[in-house]
Amino acid sequence: MVGQILKHPTFTGYRLATDAVVRSPAFRSIRSPIIRLHQIRRHSTVQATFKPIGSSVNVYSLRGSSPFTSTFRTRGFGHVNIGLGLKGTQLGGVRHLSFSSVPKLLWTAFRLPVAGVTVGVAGVGYANYKIQDMASKSHEWVSSIFIDAKDFVTSLGQGIALDLPTIDVGIPSTLKSLFTKSSNQHSLESDRPRFIKKDDDSDSNNSSPAVGAAVAVATATNLFVSGEKDEEEDNNEAKVNVTTNVQEDQFMILTKKLIEVRNILMSIDHNEALRLPSIVVIGSQSSGKTSVLEAIVGHEFLPKGSNMVTRRPIELTLIHTPKSKEEYGEFPQLGLGKIHDFKHIQQTLRDMNLAVPESECVSNKPIELRIYSPNVPDLTLIDLPGYIQVNNKNQPETLKEKIFELCEQYIKEPNIILAVCAADVDLANSEALKASRKVDPLGLRTIGVITKMDLVEPEVGATILRNSDYPLHLGYIGVVCKPPENLNVQKNITSALVRHEESFFRSNYVYSQRGIQVGVGTLRRKLMEVLEENMAKSLFSIVGAVQAELEEAKYQFKVQYNDRRITAESYVAETIDSIKHNFKDFAHSFGKPQVRHEVRTMLEQRVLDLCAELYWTDKRITDLAKSSRDDLYWQYKLDMCSAALTKSGIGRTSTQLVVDVLLANMERLASMEPLNNHPETSRKILNFTNEILRNKFHTTADQVENCVKPYKYEVECTEQEWAEGVKRSISLIEKEIDYCNKALQHLKTTVGQRKLRAAIKHVLDAEKEEVRRQARLKDDSSDDHPDALPSASTVTSPQLISANNIVESNDTVRLHVSPKLIEKAHEAIFLRDRAIILKYRLAALKSRQCKSPENKQYCPEAFLNMVAEKLTYTAVMFIQVELLTEFFFQFPREVDNKLVYDLDRKQILQFAKENPYIRKHLELQERKRKLGEVMDKLNYLVRRQRDIESTKAPTVAV
C-alpha cells in the first residue's frame, strides 16, 4: 500500500517520525497511538492518524485539494478497516484484523521500509567517506567544491538519521546506548569548524552503518510511543530554538545600542565612571596589528610605514548596516562627511598621525573614526602605537616609556585587551602579553591573537594556540591575515581572506584538534561575543553612573540658569539684532549736522594755519589797518590765502575726514558688547565696512571737488555771510588766545615761574647782545673782538649753551642754563608774542573797519572763515548723499549676508561658544540633554533584559 502511494507522481517521498508536523489548512488531523503517516506533496502535507473511540463505528474521510483520500472504519477496540486510495481509484481492499495477526502485519509492513532506510543511510555514509578521500587529494579549488558536496550529503544523512527524539519508553538498553552514541557523535562534529577535517576517517565510515541500524530499530520501536508525549517534546524543542534565536538577536541589539551610548558619552566628556568596554589592540611594531584590524574591517585603511606612522590612538567604531550596501567612513572631529574611498581614509589618518612632530612622536589625543558597512560587526576598537625596544636618533629617549604609559592608560578596566603577537616570535618576549599581565594578571579580559601562522611549522603553531605555556582565559586565536595575490583591494576583502585562510588551515590536520581556534571569522565572532558579554555586565553599573551625572547636571542647570534654555541660533539672532540696534543709534546720531561740524572744524583749523603763516608772523601786521585798499601787498596775501584754502583738495580731504570718522565709530561698535567676545566677527564687520566706504570714496570725492570748483575763481559774499564770518573769526581768535594763555600758564607751573622768567630774560639779553655785536661788526669789520659774545644761533644751540658759561655784563657772575630750559623759554616767548598778536587782531575784527565785506583785505580772518563755511556746506551736501546714505543703507544688508546667511550649523555653534558665558550655558544644557538621551536608552535596555530573563524558557533535554 505504501509502495503504491510512493509511486504516485503527486508525492515526493515519505518519512516515519514522531516530531512536529506541518499541517495543511485543507485537511483535518486525526491522531492514533499506532502510526503517524506524513505524506509530502509539492503544495501541501496530509496527516492521517487513527484513534479508536469506544466500540462505536467511526468513519473519517479526509477531503481537500489533494487527490489522495483515506477512509477509516472502526469496529470496536481491535478491529480496524483501512481503506486508502486516490479519487476514482481503489488501491487497497478491506481486511479484518485481530490481535494474533498484529506482529505479522507489522513485520510485513515495515520490513522493506526499514531495510531501505538502513541501506540508504549506509550508502550516505559510504558516499561521505569517498568524498572526503577525494577532497583530501584534490587541488585547492576542486577541494572546496567537493567539501560543499560533502556538507550537502552529510546534512541529508543527518536529516534522515538524526531527526529522532530521545527514546526513553520501551527501548532496550543496548539499542538506547547505540542510539545515544550516534547522537553524541553528531553533536561533537557539529561543533567543529566547517573547514577542519575529522581526526579519524575510519570512524566516519563505521558510524554510518551504526546510525542506519539505530535508526531502523528505533523507528520500529518508536511506533509504540505515545503521541501526546511526542507533541510535548516537539513543542519544547521549538521553544528552545526560538529562545536561542531571540537571545542572539537581543545580544546584537544590546551591543549596537550600547555602542551608540558609548559614542554619546564620548562626546560629553571622558569621565572614568561613564566608560563602556572597548577592545584595545596592543602589540609590538610589525607584529601584525594593522593587518588584523584590516582583516576585521575588510579594507586597507590604516597607514603603513617604517617610521612609526601610528602616533596617536585611533578609536575605531564599526557599525553594522544590514539594510544598506554602502561602505564609508567618517571623522567626527573633522566633519568631512562620508568618505567612500578607503585610500582617502588611509591618507587622512597618515596626515593626522604625521602631524605629531618627531620630537614628541606620541600624542594622547585620539583620532575618532567610524566605519559603516554591512560586512562589519558592531565593535569598538582602539588601535595604539606599537611597543618598541630601541628608539632611533631622531626620536626622544623617553619614547619607549611614553608608549608604555599611553597603552597602560587604555588597557585598564573595563576595556578588553587584544594582545597581538607574531607566531615567529617567542611569546616570552611579547611586550603585549607583558603589559596585559600587569593590569590583567589572570587573563580574564585578554584575547591572544597569533599572527603570521604561515611562517611557523603547524606543530609549533598548534602548541602556541593550545594555551598551555602562557594561559589566557579567553584563549588564543591564530590568523594569517594574508590576502591572496591579484586581489582587488577596492572591494571588501573579507570573503577572499577567509577562503584563503581556510585553505591554509585545512591543509594542516593539526589545526583541527579540539581547543585550537583559528581564522579571522573565528576572531570576529570571539570579539563580538566577548564585547557583548562585557557590555551586558557593565549595563547596570553604567546606569547608576549616568543617573548620578544626570541628577548633578539637572541641579547645576537649575541653580545657574533657572532652567532657561537657549540655542546657538537664538544667541546669533540676538547678537545680530544688537549689532543692528547699535548701528541704528549711531546712524541717528551722526547725520548732516555732525558731518558739517567735522568738516567746518577741519577748515577752520586750516584758516588759522594760513593766517598764522602769512599774517601773524609778518612784521608789517601792525601796518595792516593803516594801509590803503589799493595796497597790492595785502591784496596779494589775501588771494594767496583764498587759493590755498579752495585749491587744497577739499573734496578728497573732507571725504577722507568723514570716512575716518565712520571707521572710528565702527571700530567702537565692533569692540562693544557682545562683539568683544567675537574677534573674527568684528574683523568681518570692519572688512565689509571698509569695502563699502572704499567703493564710494572716489565717487564722493570727485563729486565734492567738482562742486567746490567755482569757489577757486570767485567767491561772492553777502552781508549776512560776512557777519557770520566775522562772528566765527572772533570766536576762533578768542579760543586761540585762551589756548595760548593756558599753555603759557602750564609752562610756568611745570618749570617754575622764577626759573622761566630768568630763562626768558637770559634769552632776551642774548638776543639784544647779538644785535649789538652785529652792529659793531658792521662798524669795525677789520677789528678782532675776542671778548665778544657768541652769535644768536650759537646761543640758542643746546650743545653750546650746556657746555659754556654765559657771562653777564659785569663779568663776575656766570649762569649755567640747561638746553631744555632754553627750549621752554623760547616756547614761552612764542606763546606770549602770539597772544599779543591775536589780541591785536581781535581788536581789529571788533572794530568798525571789519563791519563791511568791502574791507575784506583788512580782515582776512573773517573772509577766510566765510569761504570755509561755503566750502563746508557744499561738501557736506554731497557727502551726505553719495557716502552716508549709501553706507547706512548697505551696512545692515551686509550684516545679514556676511554674518547670518553664510553661516552653517557648525559655524553658528562655534560663534555661540566664543562667548564664555554662552559656551558654559550651552555645554551644560547639551550635557543634560545627552545624559537624558543616554538614560532613556539604558532604561529601555534594562527593561528589555529583564523581559528576556523573565520569559526565558527552561532547557529541554534532547
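Residues numbered from 1 in each chain as written. Predicted model: local features only at pLDDT ≥ 70, side-chain atom pairs only at ≥ 80, totals over all residues. Heavy atoms only, no water.

- The name given to the protein in an unreviewed UniProt entry is dynamin GTPase, with Paraglomus brasilianum as the source organism.
- UniProt, in the comment section headed Sequence similarities (unreviewed entry), describes the protein in these words: "Belongs to the TRAFAC class dynamin-like GTPase superfamily. Dynamin/Fzo/YdjA family."
- UniProt, in the comment section headed Catalytic activity (unreviewed entry), describes the protein in these words: "GTP + H2O = GDP + phosphate + H(+)". (UniProt positions renumbered as here; feature names shortened; annotations may be inferred.)

**Re the nonpolar core**
Okay, step 1: In terms of nonpolar packing, the biggest core is built from 97 residues, with Phe 590, Tyr 615, Leu 645, Val 658, Leu 662, Phe 887 and Phe 891 touching the most fellow members.
Okay, step 2: If you tally residues by element for this core, the top one is helix 24 (residues 860-901), at 17 residues.
Okay, step 3: Once you skip the residues sitting within four places of it in the chain, Leu 662 turns out to touch Phe 586, Phe 590, Leu 693, Leu 883, Leu 884 and Phe 887.
Okay, step 4: Counting 65 residues, the second-largest nonpolar core is a separate cluster that includes Leu 258, Leu 369, Leu 539 and Val 546. (Core = buried A, V, L, I, M, F, W, Y, C linked by side-chain atoms within 4.5 Å. Buried < 20%, exposed > 50% of the residue type's maximum accessible area, 1.4 Å probe, protein only. Helix = DSSP H or I, 4+ residues; strand = E, 2+ residues; numbered from the N terminus. Contact = heavy atoms within 4.5 Å.)

**Quick look at the pairing of strand 9 (residues 314-320)**
Okay, step 1: Buried residues dominate strand 9, accounting for six of its seven residues.
Okay, step 2: Pairing of strand 9 with strand 11 (residues 367-373), which is carried by seven bridges, proceeds in the parallel orientation. When the sheet's bridge partners are listed, Leu 318 is paired in strand 11 with Ile 371.
Okay, step 3: Sheet topology note: the strand 9/strand 12 (residues 379-383) ladder contains five bridges and is antiparallel. Opposite Glu 315, over in strand 12, you have Ile 382 as the bridge partner. (Pairing = 2+ DSSP bridges.)

**As for the sheet that holds strand 12**
Okay, step 1: Strand order in the open sheet made by the nine strands is 10-11-9-12-8-13-14-15-16, with mixed pairing throughout. Whereas interior strands pair on both sides, the edge strands pair on one side only; in this sheet they are strand 10 (328-330) and strand 16 (517-518).
Okay, step 2: One ladder, built from three bridges, connects strand 8 (residues 279-283) with strand 12; its direction is parallel. Each residue of the ladder has a partner; that of Val 280, found in strand 12, is Ile 382.
Okay, step 3: Across the sheet, helix 8 (residues 342-354) is in contact with strand 9, strand 10 and strand 11; its angle to strand 11 comes to roughly 170°. (Axes fitted to C-alpha atoms, helices over the stretch in contact; angles between N-to-C directions.)

**Re unusual backbone geometry**
Okay, step 1: Cis geometry is adopted by the peptide bond preceding Pro 414, which originates at Glu 413 and carries an omega value of 5°.
Okay, step 2: Tracing the chain through its elements places Pro 414 in the loop between helix 9 (399-410) and strand 13 (416-422).
Okay, step 3: Cis geometry marks the peptide bond from Glu 673 to Pro 674; its omega dihedral reads 0°.
Okay, step 4: Tracing the backbone shows Pro 674 in the loop between helix 17 (650-670) and helix 18 (679-707).
Okay, step 5: The backbone of Cys 361 shows a phi angle near 70°, a positive value even though the residue is not glycine.

**A look at the pairing of strand 14 (residues 446-451)**
Okay, step 1: For strand 14, the buried fraction is high: six of the six residues fall into the buried class.
Okay, step 2: Of the two faces of strand 14, both are covered, the one formed by Thr 446, Gly 448 and Ile 450 as well as the one formed by Ile 447, Val 449 and Thr 451.
Okay, step 3: Sheet topology note: the strand 13/strand 14 ladder contains six bridges and is parallel. Within strand 14, the residue paired with Cys 421 across the bridge is Ile 450.
Okay, step 4: Pairing between strand 14 and strand 15 (residues 476-478): three bridges, direction parallel. Within the sheet, the bridge partner assigned to Ile 450 lies in strand 15 and is Gly 478.

**Notes on the side chain of Arg 834**
Okay, step 1: Within the secondary structure, Arg 834 sits in helix 23 (residues 819-845).
Okay, step 2: Of the side chains with opposite charge, Glu 736 comes closest to the buried, unpaired Arg 834, at an N-O distance of 4.4 Å.
Okay, step 3: Residues in contact with Arg 834, not counting those within four places in the same chain, are Ala 612, Trp 616, Glu 736 and Cys 740. (Lys, Arg positive; Asp, Glu negative; His and termini not counted. Salt bridge = Lys/Arg side-chain N within 4 Å of Asp/Glu carboxyl O.)

**A closer look at the pattern of salt bridges**
Okay, step 1: One pass over the structure, following the stated rule, counts 32 salt bridges.
Okay, step 2: The salt bridge partner of Asp 563 is Lys 558, with a shortest N-O separation of 3.8 Å.
Okay, step 3: Notably, a salt bridge pairs Arg 929 with Glu 933, separated by 3.4 Å at the nearest N-O pair. Separated by four residues within a single helix, Arg 929 and Glu 933 lie in helix 26 (residues 916-950), roughly one turn from each other.
Okay, step 4: Its relative accessible area of 39% is what places Arg 929 among the partly exposed residues.
Okay, step 5: One network of salt bridges, with partners in common, ties together Arg 600, Glu 724, Arg 728 and Glu 869.

**Here we look at helix 7 (residues 289-297)**
Okay, step 1: Most of helix 7 is tucked away: eight of the nine residues are buried.
Okay, step 2: Turning to helix 7, its buried residues are Lys 289, Thr 290, Val 292, Leu 293, Glu 294, Ala 295, Ile 296 and Val 297.
Okay, step 3: Trailing helix 7 by a residue or two, Gly 298 shows a phi angle of about 95°, which is positive.

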